[in-house]
Amino acid sequence: MMRRLSISLVLAIFALSFLNAQDLDKILNDHYKASGQEKMSKITSTSIKGKINIAAMGMESPLTLFQARPNKLRIELLVAGSKMIQTFDGTKGWMYAPMLGITQAQEVGGDELKALVNQAQMDSPLWDYKAKGNNVELLGSSEDGSSHMLKLTTAGGDEMTFYIKKETSLISIIKMTASGAEIATEMKDYKMVKGIPVAHYISTKMGGTTASTITFESVAYNETLDPAIFEKPVVQ
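Because the structure is a prediction, the values reported are computed rather than measured. (Residues numbered from 1 in each chain as written. Predicted model: local features only at pLDDT ≥ 70, side-chain atom pairs only at ≥ 80, totals over all residues. Heavy atoms only, no water.)

1. What about the environment of serine 61?
By secondary structure assignment, the location of serine 61 is in strand β2 (residues 59-68). Given a relative accessible area of 2%, serine 61 falls into the buried group. Taking the C-alpha atoms as reference points, serine 61 and lysine 83, separated by 22 residues in sequence, lie 10.0 Å from one another. Dropping the residues within four chain positions of it, serine 61 is found in contact with Gly50, Lys51, Ile52, Leu77, Leu78 and Val79. (Helix = DSSP H or I, 4+ residues; strand = E, 2+ residues; numbered from the N terminus. Buried < 20%, exposed > 50% of the residue type's maximum accessible area, 1.4 Å probe, protein only. Contact = heavy atoms within 4.5 Å.)

Now the structure itself:
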């Protein structure tokens, strides 16, 4: 009798795991389709202009962001007439920020480098995750039932939780932990750019408090970008 119960339990667990895997595959495939991943894979560069509101400083600043494959990034802010620059060339990241006392471009590491690496990715973080050595699992639904919750664990052991709206199959929230604090990034106001939905409003909270909000004013794809802009900033 006990042996039959054990076999039944094993079969039940196997069936549940199989169904969860099927659900996960469908959620991911719906997300890839809704986010225009096939089209995005053919995009070689992104140029974005907008505004960022930095709550801690109580000020709004123009924002320019450039991305290029593979995994290159440049972010420029103009705060009180002083330029702030972050770059990532696919391997190393740098920061120049006189307002923060960084009067010469310096290399960054740790959580700052991880943030640049994440922002440099042009594709959905969930795209091609197995090839990157990452793992994705379905956690269930959000408390209000409006979103699927997926946990991504990177090859390096970092964890991120993605909230994917059931209605649109687009990412609405990404949660992670850095320096002991929970960081929640909300993405909304999606608009189509060359058949690809792009969130034009991004809000970041740290420990439940809003740290910054970003509004995109223009998004352009496949512009020719000088590779030098992603290297260590050269300040005149």
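2. Quick notes on the environment of serine 124
For serine 124, the position within the fold is in the loop between α3 (110-120) and β7 (135-141). Assessed through its relative accessible area of 10%, serine 124 is described here as buried. In this structure, the C-alpha to C-alpha distance between serine 124 and histidine 148, residues 24 residues apart in sequence, is 16 Å. Side-chain polar atoms of serine 124 contact the side chain of histidine 31, separated by 2.9 Å. (Polar contact = N/O pair within 3.5 Å; in protein donor to acceptor, adjacent residues only side chain to side chain.)

3. Some points on the nonpolar core
Counting residues in each nonpolar core, the largest one holds 28 residues, and the members touching the most others are Leu63, Leu73, Leu77, Phe216, Val219 and Tyr221. Core analysis: the second largest hydrophobic core is formed by 14 residues, Tyr32, Val136, Ile164 and Ile174 among them. (Core = buried A, V, L, I, M, F, W, Y, C linked by side-chain atoms within 4.5 Å.)

4. Focus: the packing of aromatic side chains
What the rule picks out here adds up to one aromatic pair. Ring centres of tyrosine 32 and tryptophan 127 lie 4.9 Å apart, and the angle between their planes is 90°; on these two criteria the pair is classed as edge-to-face. In this pair, tyrosine 32 sits in helix α1 (residues 2-34) while tryptophan 127 sits in the loop between α3 and β7, placing the two residues 95 residues apart along the sequence. Taking relative accessible area as the criterion, tyrosine 32 reaches 14% and is therefore assigned buried. (Phe/Tyr/Trp six-rings, centres within 6.5 Å; stacked < 30°, edge-to-face > 60°.)

5. Focus: the environment of alanine 115
Along the chain, alanine 115 falls in helix α3. With a relative accessible area of 32%, alanine 115 lands in the partly exposed category. Put simply, alanine 115 and alanine 178 are 63 residues apart on the chain and 9.5 Å apart in space, counted from C-alpha to C-alpha.

6. A word on the side chain of serine 142
By the element assignment, serine 142 lies in the loop between β7 and β8 (147-153). Given a relative accessible area of 8%, serine 142 falls into the buried group. Of note is the side chain of serine 142, whose polar atom sits 2.7 Å from the side chain of aspartate 144. Within the structure, the side chain of serine 142 is placed 3.3 Å from the backbone nitrogen of serine 146, a separation counted as a polar contact.

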